[in-house]
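Reading the structure
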Amino acid sequence: MAAVTDDFARKCEIKQNDTLGRFAVALCNVRAGETLLLENPIVVLPLMGERRCSKCFNLTESFCRKCRLLALCEDCSDHDERDCKRLAEMNFSDDQVELLQKKEHTEIQPVLKCLLLREHEETLPLYEEMSQMDSQLMTRRGTEVWKNYQEHAFTPLDYGGVLAQLRGAADEDLVQGLLGILDINAYEIRAPEVGGAMRGLYRRAGLFAHSCTPNLVISIDDEQRIKVYANRFIAAGEILYNCYTNVLLGTEERRKILKVGKCFDCSCPRCQDPTELGTHMSSFICSQCSCVDGYIVRQPDTGIWQCLLNPEHTLKQEFVSNMLERAKEEIFHARDDIYRQELLLAKLSRLLHRNHFLMLDLKQNIASILRQILQNMGTRPNKKVYERKIRLCQEILLVLKVVTPGISRLKAIALYELANTQAELARKMYTEMEHSANDLLAELERVEVMLRESLRMLLFEPLATPEGQLTRSMLRELKELQDDIKNLRESDDDVVNQ
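Residues numbered from 1 in each chain as written. Predicted model: local features only at pLDDT ≥ 70, side-chain atom pairs only at ≥ 80, totals over all residues. Heavy atoms only, no water.

Remarks on the overall build of the chain
Broken down by element type, the chain carries 17 helices and 14 strands. If you sum the accessible surface of the chain, you get close to 25,000 Å²; carbon and sulfur atoms cover 50% of it. In the chain, 65 side chains carry a positive charge and 76 a negative one; their mean positions are 2 Å apart. (Helix = DSSP H or I, 4+ residues; strand = E, 2+ residues; numbered from the N terminus. Areas by Shrake-Rupley, 256 points an atom, 1.4 Å probe, with all protein chains shown as cover. Lys, Arg positive; Asp, Glu negative; His and termini not counted. Charge placed at Lys NZ, Arg CZ, Asp CG, Glu CD.)

Printed below as a string of structure tokens:
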């Protein structure tokens, strides 16, 4: 059963209004880095369209031979005994089982997992708590999402005889409501395979309202336990905000994701600012302006794309949408090819602001490839490779400092990448006699400051996360760096004393 620490009860208060529904506010002043919630999931579920083993969560198309309805991979011999026994007690014809096991009906699994909580006395309180979560049932009724769930979840569960054999009433609204609760309240969590993802539903974590400039950080460890902590000082009475989408997307992209997936229109300060807090992450360059500050932005009140300097200079929404779609397609096809990506970056720089979210995406991709080049022991990259990665990291950090103020994983990792590359370049230039020992010492001292700042942010991450593992590695690197700095200082003192 999921366990909630005392942190949430002592530091958070649940309120409700017509705009946000249920939401949490700080009961007391909260320090940066202070934990507000530690919680295990109620249920762990696959993403839409996937089927995962009920025990180890690996992808599978196999089913338990006893209950025949819950997925179980070939490597696992059993799953939750109560669930298996309850389903095995039900009577299904072979045709019904075949219908329920169909590959296209993957959404049956999440519904079954939730409904089974209601079947057991021990887990009934969890089901009752879950049923209080927002489902946006009325908003979703009749939408494409509703129709999809009707076809691939409710209808097979109904015709397959599952709903009629449950202890409580179960109709389409219940099934759609449970799926709505999962879509709106579940968090994406890491799957066993590299790069894979699943969903976890938590008792209290869904109570944090959304903002594209949040004051909370969400971390989920390898045991699916969620940790929520403050990214800055939060005064008593402040609403506690999480960000439900990727902070490195532009406003239209973020708002579309939130509208489709979470059923609301975001009106946070960043979404209401056409320049996105001065970052221009969605801005176009005005080709009609002769000065360098001519940028075309989307006005949130009218939806018109206008130049900030001359409102008569505009772009049609159709042009903007088509251009961005073509750019995304080109970025996709240029993946893993650093030369194509650099050419595309140069091409798009004539149309998009240097901080546009697509430009940042390209810069991150290029920096990632450069990291692989620099880590390859078989290559001997020249100084320009290091300098290019350093410049990209600096440009990315300038944006992150605005959209992720305070403690930030993204910012900490970008700062680490910058520090690590600058240290490698400094050592290379010293080895090739382009830097003196004093030059090397000065550069390593600057790197130490950056590493310390990066570590300061990452130390709040749980150990059983990729960031927690990186933190341990960084602590070793910091110790080695400090030893190098100490040796250089001692060598300098010896020269002075002579």
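Quick look at helix α7 (residues 144–159)
With 16 residues, α7 should cover 22 Å at 1.5 Å per step; its first-to-last C-alpha distance of 21 Å lies within 8% of that length. Helix geometry: α7 is bent most strongly at Q150, by close to 45°. Inspection of α7 places W146, Y149, H152, A153, F154, P156 and L157 among the buried residues, and these make up the whole buried set. On its buried side, α7 packs onto α3 (94–100), α4 (108–119), α6 (137–140) and α8 (172–185). In the segment just after α7, G161 is the residue with positive phi, at about 85°. (Expected span 1.5 Å × (residues − 1). Bend = angle between axes of the 7 residues up to and from the residue. Buried < 20%, exposed > 50% of the residue type's maximum accessible area, 1.4 Å probe, protein only. Contact = heavy atoms within 4.5 Å.)

Some words on the layout of surface pockets
A volume near 520 Å³ is recorded for the second largest pocket. Around the second largest pocket sit 21 residues that line it, and P41, I42, V43, D80 and L117 are the ones nearest its centre. Elements with a contribution of two residues or more to the lining of the second largest pocket: β4 (43–46), α2 (81–89) and α4. In terms of residues, the lining of the second largest pocket owes the most to one element, α4, which gives three residues. Here the lining of the second largest pocket spans two domains, since at least three of its residues come from each of domain 1 (6–40 + 202–242) and domain 2 (43–189). (1 Å grid on protein atoms, 1.4 Å probe; cavity = no way out; pocket = protein on both sides within 12 Å on 5 of 7 lines; lining within 4 Å. Points joined across faces, edges and corners; volume = space filled by probe spheres on them. Domains from an automatic or database assignment.)

Regarding the nonpolar core
Counting 68 residues, the largest nonpolar core has F284, L348, L352 and L451 as its most contacted members. Those elements that provide at least two residues to this core are β13 (305–307), α11 (317–333), α12 (338–348), α13 (357–375), α14 (383–403), α15 (409–431), α16 (437–458) and α17 (466–497). Three or more residues apiece are contributed to this core by two domains, here domain 3 (265–314) and domain 4 (317–497). (Core = buried A, V, L, I, M, F, W, Y, C linked by side-chain atoms within 4.5 Å.)

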